[in-house]
Amino acid sequence: NLWYHVGSADERPGRTGLAHLFEHMLFQGSLNVGTNDHFRHLQRVGGVANGSTWYDRTNYYETVPSAHLDLALWLESDRMGFLLPALDQQKLDTQRDVVMNERRQNYENRPYGPASIRVNELMYPDDHPYHWPTIGYQDDLSAASLDDVKGFFRRWYGPNNATLVVAGDVTPAEVRTLATKYFGPIPAGPAVAKPAPERAVLSA
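Residues numbered from 1 in each chain as written. Predicted model: local features only at pLDDT ≥ 70, side-chain atom pairs only at ≥ 80, totals over all residues. Heavy atoms only, no water.

K.L.:
Honestly, the sheet that holds strand 4 (residues 162–164) in this entry has me stumped. Any pointers?
P.N.:
Strand pairs in the sheet, formed through backbone hydrogen bonds, run parallel or antiparallel to each other. Pairing is antiparallel in the open sheet, where four strands are placed in the order 2-3-1-4. Edge positions in the sheet fall to strand 2 (48–53) and strand 4, since each has one partner strand and no second. Strand after strand, the sheet turns through a mean of 10° between neighbouring axes, direction not considered. Looking at chain direction, strand 1 (residues 2–4) and strand 4 are connected through three bridges and run antiparallel. Residue pairing for strand 4: Tyr 4 is matched across the bridge by Ala 162. Taken strand by strand, helix 3 (residues 69–82) contacts strand 1, strand 3 (58–63) and strand 4, and its axis lies near 150° from that of strand 3. (Pairing = 2+ DSSP bridges. Helix = DSSP H or I, 4+ residues; strand = E, 2+ residues; numbered from the N terminus. Axes fitted to C-alpha atoms, helices over the stretch in contact; angles between N-to-C directions. Contact = heavy atoms within 4.5 Å.)

Laid out in structure tokens, this is it:
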């Protein structure tokens, strides 16, 4: 399980939805892994993978037989270190459409779907990082450019802003050796300083 310490709370008004959009983008291939091959490699050995986005984090996980731990770590390290060379406008447009349709299904076209979005808009000021939904607003998603997406990745998706957790039939020494092999050569990203946002206090 690889957690990046970035979520929708790290976005800004007018550019919401990038964290969740990137959850989708990371499954679209990297320099050494073709589009959709992340899933294919894992399924070939009986593994599964997925991800999720929240206000303060984005996580990606693989569940594989322990004999294939190095495959899972290689796949994660390749997209951490080598995603940008494979990122193009077509992939962005495809996944943007997927996310916008997900928003329609889960919020706009579902009875009472917009309620959770509206509650947060009323609870938190406009510039508070919990004011907007993790999935973002449609206008912001439409406006996101390829440069916006690449800049978001460069800022947040470095090894110095991630936490790796491995559990199962493995030894700490084995995990450290493989993690150093695959993640060690990846340069650190920019220093990340994230002050804790003030939580809204509701009066009685």
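What follows continues from the structure just given.
K.L.:
It is not clear to me how the packing of aromatic side chains should be interpreted in this structure. Could you clarify?
P.N.:
The full count for this structure, using the stated rule, is twelve aromatic pairs. Measuring from centroid to centroid gives 4.8 Å for Trp 54 and Tyr 55, while their planes differ by 70°, and the two rings are edge-to-face. We classify Tyr 55 as buried; its relative accessible area is 13%. Seen in terms of ring centroids, Tyr 124 and Tyr 130 are 5.7 Å apart; in terms of plane orientation they differ by 90°. Their pairing is edge-to-face. For the pair Tyr 124 and Tyr 130, a shared accessibility class is recorded, and that class is buried. (Phe/Tyr/Trp six-rings, centres within 6.5 Å; stacked < 30°, edge-to-face > 60°. Buried < 20%, exposed > 50% of the residue type's maximum accessible area, 1.4 Å probe, protein only.)

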